[in-house]
Amino acid sequence: MTPPPNTPVADVSPDRIATFSAFASMGSLSITQDLTHAVLRSIGDMDGTDPELVAEETLCLVATATARAAEIGLQDEPGHAQAIRQTLLNLPFTYRDYLIGHAMVAQEDPELSGIAEEVRSRLSRKQEFYTTHLPQGQFPGPHALKDKMELWMGRVSPPKLPESPQERLESLGLVDQLLAHVKLVLAYGRRGEIPGEG
């Protein structure tokens, strides 16, 4: 729900932030999984394939694109937009914290916490790449996504593949998948509901 015109920016609804963040985060993890699996299936067992690299790069791309879509969808709610944008940009780090924490509990090995800083440093470099290429205040439409996803495909592909990153991106139809996700996040931000409901 959009706040009344004179509502101060500081008056931020916890329910709106929690609901939007949960919606966009679940969607981000789902589309990340879809894109990651599509890439790994297309590569197969080729030497140089790194599933963890593909997953991390993909989540950083998706989290950034989702944050940019949320910013535009919440232009009339700047207090919400700031909190939600940061939550989404932090998603790769939050997810890795969860995975490391889960491993620590499951394996009863507190020393696994030592890899957290290494992972954070690696993710920070990847995230910086995508936030630079998908600038704040711009919705990631089809042309922007195609350009940036060609870079992403190059970064996640092992050398010596027979197809170029552009050819593989097009043949797999991955731009349309991510575009549908960011459009949904945009619509959810603008109307506070899933398109077609209510």
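Read on for a plain summary of the structure.

Reading the values: the criteria
Residues numbered from 1 in each chain as written. Predicted model: local features only at pLDDT ≥ 70, side-chain atom pairs only at ≥ 80, totals over all residues. Heavy atoms only, no water. Core = buried A, V, L, I, M, F, W, Y, C linked by side-chain atoms within 4.5 Å. Buried < 20%, exposed > 50% of the residue type's maximum accessible area, 1.4 Å probe, protein only. Helix = DSSP H or I, 4+ residues; strand = E, 2+ residues; numbered from the N terminus. Contact = heavy atoms within 4.5 Å. Phe/Tyr/Trp six-rings, centres within 6.5 Å; stacked < 30°, edge-to-face > 60°. Patch = residues over 30% accessible without salt bridge, like charges linked within 9 Å, V, L, I, M, F, W, Y side chains within 5 Å. Areas by Shrake-Rupley, 256 points an atom, 1.4 Å probe, with all protein chains shown as cover. Salt bridge = Lys/Arg side-chain N within 4 Å of Asp/Glu carboxyl O. Expected span 1.5 Å × (residues − 1).

## Thoughts on the nonpolar core
So, step 1. In this structure, Phe20, Val39, Leu145, Met149, Trp152, Leu174 and Leu178 are the most contacted members of the largest nonpolar core, which totals 41 residues.
So, step 2. Mapped onto this core, the elements with two or more residues apiece are helix H1 (14-43), helix H2 (51-73), helix H3 (78-89), helix H4 (91-107), helix H5 (116-133), helix H6 (142-156) and helix H8 (174-191).
So, step 3. With 9 residues, H1 is the largest single contributor of residues to this core.
So, step 4. Filtering out sequence-adjacent residues up to four positions away, Val39 remains in contact with Val54, Trp152, Met153, Val156, Arg168 and Leu174.

## Digging into the packing of aromatic side chains
So, step 1. The final tally for this structure, using the stated rule, is 3 aromatic pairs.
So, step 2. Arranged with centres 3.8 Å apart and planes meeting at 10°, the rings of Phe23 and Tyr188 form a pair that is stacked. One end of the pair, Phe23, is in helix H1; the other, Tyr188, is in helix H8, with 165 residues separating them in the sequence. The exposure classification of Phe23 matches that of Tyr188, with both residues buried.
So, step 3. Relative to Tyr130, the ring of Phe129 has its centre 5.0 Å away and its plane inclined at 90°; by these criteria the two rings are edge-to-face.
So, step 4. Exposure remark for Tyr130: the relative accessible area of 1% places this residue in the buried category.

## Here we look at a nonpolar patch on the surface
So, step 1. On the surface, a cluster of nonpolar side chains totalling about 360 Å² of accessible area is made up of Leu29, Tyr95, Tyr98 and Leu99.
So, step 2. The greatest single-element share of the nonpolar patch, amounting to 3 residues, is contributed by H4.
So, step 3. Among the secondary structure elements, Leu29 is positioned in helix H1.

## Examining the environment of Gly173
So, step 1. Position of Gly173 among the secondary structure elements: in the loop between helix H7 (165-172) and H8.
So, step 2. By relative accessible area, which is 27% here, Gly173 ends up partly exposed.
So, step 3. In sequence terms Gly173 and Ala38 are 135 residues apart; their C-alpha atoms lie 9.6 Å from each other.

## Quick word on H8
So, step 1. Spanning 18 residues, H8 covers 26 Å between terminal C-alpha atoms, matching the ideal 26 Å at 1.5 Å per step.
So, step 2. When we look at burial in H8, the residues that qualify are Leu174, Val175, Leu178, Leu179, His181, Val182, Val185, Leu186, Ala187, Tyr188 and Gly189.
So, step 3. Residues of H8 that are buried in the fold lie against H1, H2, H6 and H7.

## Section: the side chain of Ser25
So, step 1. Positionally, Ser25 belongs in helix H1.
So, step 2. Among the residues examined, Ser25 registers a relative accessible area of 14% and is labelled buried.
So, step 3. Excluding anything up to four places from it in sequence, Ser25 contacts Leu88 and Leu91.

## A look at the pattern of salt bridges
So, step 1. Across all of its chains, the model carries 12 salt bridges by this definition.
So, step 2. Here Arg122 and Glu52 are joined by a salt bridge, their closest N and O atoms 3.4 Å apart. With Arg122 in helix H5 and Glu52 in helix H2, this residue pair connects regions lying 70 residues apart in the sequence.
So, step 3. For Glu52, a relative accessible area of 39% puts it in the partly exposed group.
So, step 4. Of the charged contacts in the structure, one is a salt bridge between Glu56 and Arg122, with a shortest N-O distance of 2.5 Å.

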